[in-house]
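For reference, the chains in residue letters:
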Amino acid sequence: MSLFSKTTTAIFYNQHPKPIQRMLDFDYLCKRDTPSISAIVNPTNSGFHRAFFGTEEIIIPVFKSLEEASTAFPESDVLVNFASERSAYAVSKNALEYCPSIKTIHIMAEGISENKTRELIRIAKEKDVLLIGPATVGGIKPGAFRIGNTAGSLDNIIAAKLYRPGSVGVVTISGGMSSEIYNIVAQNTDGTYEGIAIGGDRFPGSTLFENIMRFENDREVKMIVALGEVGGTAELEIAEAVTSKKIKKPIVMWVTGTIADHMKTEVQFGHAGAKSGVENESASFKNAALKKAGVHVPKSFDTFGDLIKEVFEKEVLTDKHYKAPEDGNYNQVPTDFSAALKENIVRKSASIVSSISDDRGEEPTYNKIPISEYADKSIGRVINALWFKGKLPEVGEQFIELGIKLSADHGPAVGTAHNAIVSSRAGNNVIMSLIAGLTTIGPRHGGAIDGTALWCLDAVERDLSGKDVIAEHKQAGKLIMGIGHRIKTVQNPDKRVEILKDFIATNIKNSHYFSKALEVETETIKKKNNLILNVDGAIGAAFLDILAEANFTTDEIKEIVSLGALNAIFVLGRSIGIIGHALDQKRLKEPMYRHDWDDILYI
Amino acid sequence: MAQKSIREYHAKQLISQNLPTGSTTWHFSGALVSEHETLGEIPDGPLIVKSDQLFGKRGKNGLIYKAKDKKDALTWIDKHMNAKTIIKKNENDEGVEGILTHFIVEPYVEHTDEYYLAIKTSRTSNTVYFSDAGGMDIEENWEQVKMIEVPFSYTDEYKLVLEKELADESIDIRTFVITIYELFIKLDFAYLEINPFAISERGVIPLDLVARLDSTAEYEQEASWIVDNIPIPFPSPFGSSESESEIAIDRLDAKTGASLKLKILNPDGRIWLLVAGGGASVIFADTVADLGFVDELGNYGEYSGNPSTDETAAYCTELFKTMFASSASNKVLIIGGGIANFTDIAATFKGVIKAIQQFKDEFIQQNIPIHVRRGGPRHKEGLAEIKKAVEAMGIPIDVNGPEMHMTRIVKNVLKK
């Protein structure tokens, strides 16, 4: 009996999107009605996995344990086991002991100890379960079912006619060679009926012999092609069975590793079971024994295909009961967008455009420079790269840092801090408290940086005097942004503004904008001694001079202001303080905040 | 990964340090002497010195020495260290030549009877071989060896079987065999032969011992396969001294998840193979031999398991260096492989092209043509790319995909 049919479904262990999709693509290619994976097991997640069945997007249920999946899908009798070497044994043992509906277990992982594999073999025999692996890509039933990545790309599958069954049973040790053999079989016969790669371990879960015996007992199989390897004596078992007529179907077989006879010292070949150095395990000994028993053995791998053709024509085609398989056709599987893109056969307008950073290479970049190169630079350099595309001079970077430092926190009474405190005390986390605090920033709180910049720009452009500025504001019934302080006065100046003044004096040759702001201040303080240029106003005006000094045109400066980049200096700086308040309240274990009735005017 | 031989010294230490408490078996007190390690704290007195380099028949090859004391032992070792020696399996064997580098030294044990114990694994059972006529001539006395089939399982069924089969032996011997069997399973040994072991006043002592570990268990036994605070090494077989390139590839292989292997068969070979895949690589080498060109074959090797572009390039570089050093004329490079299941051929060929580019001048000076046969995901792009790039360098190349039988390229090249 063949292990798989067009209605076989499997449980797939480990949520590996690529092999899962490859199985579904094969299903669609060979016109299965339904996908071959009923459920996926992911020990750290449950829910649904999205994949394509043709052009249709489908969901496959994901379970946390194999038992749950198997109970939910008792008709699924195959386990495709992509568990790692750490867990593959436990998963397979679980399947054997607790999932009675699973009758075939594939094991992908390499590096399962010989003892553990032998324990699995012992239990599998007791429970009459077939193991494929460990350390193998798996197997394929053309036109019906494919394990994981078996037989490679869809191009290979179509070239090797694996979308419909032929009449040759194929078994190999090497999974890597299986695609090659299916191709050879397709070129020289009517195609593969079923193909199994048993894996290169010393004790494979099922042997060449066991799989050949299945083919012997399957009426659909007309001939058998097998590929053995140096090491072990499994091939001799086949020779014996042919001699004793236990196997009657024609077998074409080759044992690889004849090169070992020419090596003086023991050599470990690619597979764990393939080791040179023991005489009756040598490839040439085994090839000779097979030949003597009546197996068709070529002179070398080079004529393997020719011999397969010869035997197929002589022993299969001449049988009067032989019926050639219908050549059939297959569904064209849609190409994945990513694959088509790689092959330059599709294009699509992008949904998102980005000009400041790139995460596609070995290391993400800010403004085309790898992040690691910023490690020993200032935070101002990073802001320059991501906000201004690196166009600011170094003095601009220093100014931004200064702005951040000076605006980080202005005490718990201001809106940003207050809201953060209330939010933090409500039990919210730092993110929520930060957002709560940031929402209080508006034209009346923190927005003065932009506001000041706007009127400074306008005044310089139209060459207005300080008096003109005041007059126009008065006429429009507007306050002058950036002017006025609650406590500080001309006599008791704001030290932060003094620092900014110094910075401008030291670093900027022609401070048109800052001078204009001071010109306005000269007029306002005549009216009241606290109508001084405040810290927000000073930052806004000074930044314009820095941009102008760096040869930004007036239009570019206007654009930067209108984007909100200046206000963003305040937002960024103040976030530091807001986070501080949120953490502070937690540290102090403050209870929920409730405003005092006395402090509310009820009307 | 496979069954790998370990030194007698490491095997004895491994067993000794895992013996159950209160065991009447001996406590190992030997030392491993090499160029870098010396005798250590071994008690002075009569000692046995043996070469410890994975080969048997040491007595018959004159490499077992009974020393009077430590000084005598060291003098003998000095005389043999770094000596070129031919080891023969029997009188008719032409032997394998190699250099002596490691010696195991143990206190001499006075004893009379010698016993034999070996454990072999098979698919469904372990076979325990036991004899009370052990020693050098065990093969001549093979009919006296008792073969005990112990069905394999993780249960303690083995105890019943061994107790029953060894009922006639002394309790010391029975316990020893059972203990060793338990450690064999617990420590994932793949093969063990103790010939002989003896009974002395220090308990039951294994005198000579050969062991292989099942290296597929390397991950699980990470914490146990430790001797002298380092992971037990897996030395190369005697006489297979490694070239610089082979050592470089071994190191690269250990560092990556991919599989990279290189074995130089003939440094002055004419035919050089760069083949992907464990299965295909053997078949390419086989075909060269089967077609009668084995004497001209330079190497056996494989790269597989999706190596990165850089890893592939590094692998090619080592292979190319050896190929250019070969004194053969009419050299040829075959870049081969089957039809890959999921390796991106275009990506791996990028690494190959990179390496060829690096040695472009050598390829041209030595007039080495390149022949390619490969299939798998994106093979069309990969094949077109390598053809274009190599032709542009002015190196002759012929390129074939899965439409050509895998090894036909070997025949085409060699039968020219």
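Please read these numbers as outputs of a predicted model, since none were measured by experiment. (Residues numbered from 1 in each chain as written. Chains lettered and ligands numbered in written order. Predicted model: local features only at pLDDT ≥ 70, side-chain atom pairs only at ≥ 80, totals over all residues. Heavy atoms only, no water.)

Turning our attention to the overall build of chain B. The helix and strand tally for chain B stands at 11 helices and 21 strands. By principal-axis analysis of the C-alpha atoms, chain B measures approximately 75 × 50 × 40 Å. Buried positions account for 56% of the 416 residues belonging to chain B. Counting contacts in chain B only where the partners sit at least 6 residues apart, residues at least 24 apart contribute 68% of the total. Surface summary for chain B: the accessible area is close to 18300 Å², and the carbon and sulfur share equals 49%. Charge-centre separation for chain B: the mean point of 44 positive side chains lies 7 Å from the mean point of 62 negative side chains. (Helix = DSSP H or I, 4+ residues; strand = E, 2+ residues; numbered from the N terminus. Buried < 20%, exposed > 50% of the residue type's maximum accessible area, 1.4 Å probe, protein only. Contact = heavy atoms within 4.5 Å. Areas by Shrake-Rupley, 256 points an atom, 1.4 Å probe, with all protein chains shown as cover. Lys, Arg positive; Asp, Glu negative; His and termini not counted. Charge placed at Lys NZ, Arg CZ, Asp CG, Glu CD.)

Residue and element names in this part refer to chain A. Between the first and last C-alpha of helix α19 (residues 512–527) there are 24 Å, a value that for 16 residues agrees with the 22 Å anticipated at 1.5 Å per step. Turning to α19, its buried residues number three or more, namely Tyr 513, Phe 514, Lys 516, Ala 517, Val 520, Glu 521, Glu 523 and Thr 524. Where α19 is buried, its residues meet α16 (448–461), α17 (466–476), α18 (495–507), α20 (535–549) and α21 (554–563). (Expected span 1.5 Å × (residues − 1).)

The subject of this paragraph is the pattern of salt bridges. A full pass over the atoms with the stated rule returns 43 salt bridges over all chains. Between Lys 314 of chain A and Glu 310 of chain A there is a salt bridge; the shortest N-O distance is 3.5 Å. Taken together, the residues span about one helical turn, with Lys 314 of chain A and Glu 310 of chain A both in helix α10 (residues 304–316) at a distance of four residues. A residue is classified by how much of its surface remains accessible, and Glu 310 of chain A, at 41% relative accessible area, is partly exposed. A salt bridge links Glu 8 of chain B to Lys 50 of chain B; the nearest nitrogen and oxygen atoms lie 2.8 Å apart. Note that Glu 8 of chain B is positioned in helix α1 (residues 8–17) and Lys 50 of chain B in strand β3 (residues 47–51), a separation of 42 residues in sequence. Lys 50 of chain B shares its class with Glu 8 of chain B; the two are buried. (Salt bridge = Lys/Arg side-chain N within 4 Å of Asp/Glu carboxyl O.)

A word on the nonpolar core. The biggest cluster of nonpolar side chains holds 106 residues, and the ones touching the most others in it are Ile 181, Val 225, Ile 238 and Phe 301 of chain A. Considering every element that reaches this core, the biggest residue donor is helix α6 (residues 278–290) of chain B, with seven residues. Those residues in contact with Ile 238 of chain A, other than ones at most four positions away along the chain, are Leu 208, Phe 209, Ile 212, Ile 247, Ile 251, Met 253 and Leu 290 of chain A. Among the nonpolar cores identified, the runner-up in size contains 48 residues, and Ala 11, Phe 130, Phe 176 and Val 177 of chain B belong to it. (Core = buried A, V, L, I, M, F, W, Y, C linked by side-chain atoms within 4.5 Å.)

The UniProt record annotates "domain: ATP-citrate synthase citrate-binding" (unreviewed entry) at residues 243–415 of chain B. Secondary structure content for residues 243–415 of chain B is 49% helix and 18% strand, and the end C-alpha separation is 30 Å. (UniProt positions renumbered as here; feature names shortened; annotations may be inferred.)

Before going further, it helps to spend a moment on the packing of aromatic side chains. Under the counting rule described, the total for this entry stands at 32 aromatic pairs over all chains. With a centroid separation of 5.3 Å and an interplanar angle of 25°, the aromatic rings of Tyr 115 of chain B and Phe 197 of chain B are classed as stacked. Placement of Tyr 115 of chain B in strand β8 (residues 115–121) and of Phe 197 of chain B in strand β11 (residues 189–200) is noted, with a sequence separation of 82 residues between them. Judged by its relative accessible area of 11%, Tyr 115 of chain B is buried. Members of the aromatic cluster, each reached through a chain of ring pairs, are Trp 387, Phe 388, Phe 399, Phe 503 and Phe 543 of chain A. When the ring centre of Tyr 108 of chain B is taken as origin, the NZ or CZ atom of Lys 66 of chain B, which lies over that ring, is 4.1 Å away. (Phe/Tyr/Trp six-rings, centres within 6.5 Å; stacked < 30°, edge-to-face > 60°. Lys NZ or Arg CZ within 6 Å of the ring centre and 35° of its normal.)

Let us look at the side chain of His 473 of chain A. Take His 473 of chain A: it is sitting in helix α17. Leave out the neighbours within four places in its chain, and His 473 of chain A touches Trp 455, Lys 478, Leu 479 and Ile 480 of chain A.

Every buried residue of helix α3 (residues 88–98) of chain A is listed here: Ala 88, Tyr 89, Val 91, Ser 92, Ala 95 and Leu 96 of chain A. At its buried positions, α3 of chain A is contacted by β1 (10–13), α2 (66–72), β5 (78–81), β6 (104–107) and α4 (114–127) of chain A.

Our focus in this paragraph is the packing of helix α12 (residues 379–388) of chain A against helix α22 (residues 565–587) of chain A. Residues and elements named next belong to chain A. Relative to each other, α12 and α22 sit at 140°, their axes nearing to 12 Å. If you check the angle between α12 and α22, you find them oblique. Judged by the twist between their axes, the crossing of α12 over α22 is right-handed. Residues Ile 383, Trp 387 and Phe 388 of α12 form the contact with α22, whose own contacting residues are Ala 565, Ala 568, Ile 569 and Leu 572. Tallied by class, the residues present in the contact of α12 with α22 amount to seven nonpolar, no polar and no charged. (Axes fitted to C-alpha atoms, helices over the stretch in contact; angles between N-to-C directions. Parallel < 35°, antiparallel > 145°, perpendicular 65-115°, else oblique. Left-handed = near helix turned anticlockwise from the far one by under 90°. Nonpolar A, V, L, I, M, F, W, Y, C, P; charged D, E, K, R; others polar.)

Moving on: the confidence of the model for chain B. Here chain B shows a mean pLDDT of 92. Residues at 70 or above account for 99%. For this predicted complex, the interface score ipTM comes out at 0.92, alongside a pTM of 0.84. (pLDDT = per-residue confidence, 0-100.)

Looking now at a nonpolar patch on the surface. All names here are of chain A. On the surface, a cluster of nonpolar side chains totalling about 350 Å² of accessible area is made up of Phe 337, Leu 341, Ile 345 and Val 346. Positionally, Leu 341 belongs in helix α11 (residues 337–342). For Leu 341, a relative accessible area of 41% gives the class partly exposed. (Patch = residues over 30% accessible without salt bridge, like charges linked within 9 Å, V, L, I, M, F, W, Y side chains within 5 Å.)

Take the interface of chain B and chain A next. Taken together, the contact between chain B and chain A spans 64 residues of the former and 69 residues of the latter. Buried surface at the junction of chain B and chain A, summed over both partners, amounts to about 5100 Å²; 53% is from carbon and sulfur atoms. For the interface between chain B and chain A, the tally reads six salt bridges. A salt bridge links Arg 123 of chain B to Glu 210 of chain A, with the nearest nitrogen and oxygen atoms 3.7 Å apart. In this assembly, chain B and chain A are joined by 29 residue pairs in polar contact (both at pLDDT 80 or more). Those elements that provide at least two residues to the side of chain B that touches chain A are β1 (3–6), β9 (125–131), α4 (171–186), α6, β18 (299–304) and α11 (408–414) of chain B. No other element matches the 10 residues that α6 of chain B contributes to the side of chain B that touches chain A. For the side of chain B that touches chain A, the per-class residue count stands at 27 nonpolar, 20 polar and 17 charged. (Buried area = accessible area lost by both parts, 1.4 Å probe. Polar contact = N/O pair within 3.5 Å; in protein donor to acceptor, adjacent residues only side chain to side chain.)

With that out of the way, let us pick up the sheet that holds strand β2 (residues 31–33) of chain B. Residues and elements named next belong to chain B. The four strands lie next to each other as β2-β7-β3-β4, forming an open sheet whose pairing is antiparallel. Of all strands in the sheet, those with a lone pairing partner are β2 and β4 (64–67), marking the two edges. Strand-to-strand twist of the sheet, defined as the mean angle between neighbouring strand axes without regard to direction, takes the value 25°. Judged from the four bridges that link them, β3 and β4 form a sheet pairing that is antiparallel. Directly across from Leu 47, in β4, lies its bridge partner Ala 67. Contacts from α1 reach β2, β3 and β7 (103–107) within the one sheet, and its direction differs from that of β7 by about 45°. (Pairing = 2+ DSSP bridges.)

Our next topic: unusual backbone geometry. Pro 134 of chain A follows Gly 133 of chain A through a cis peptide bond whose omega is 10°. Residue placement: Pro 134 of chain A occurs in the loop between β7 (130–132) and β8 (139–141). A cis amide bond links Asn 195 of chain B with the next residue in sequence, Pro 196 of chain B, at an omega value of 0°. Structurally, Pro 196 of chain B can be placed in strand β11. Residues other than glycine seldom take positive phi values, yet Lys 31 of chain A does so here, at roughly 60°. Note that Lys 31 of chain A resides in the loop between α1 (17–29) and β2 (37–41). Under the relative-accessibility criterion, Lys 31 of chain A is labelled partly exposed at 35%.

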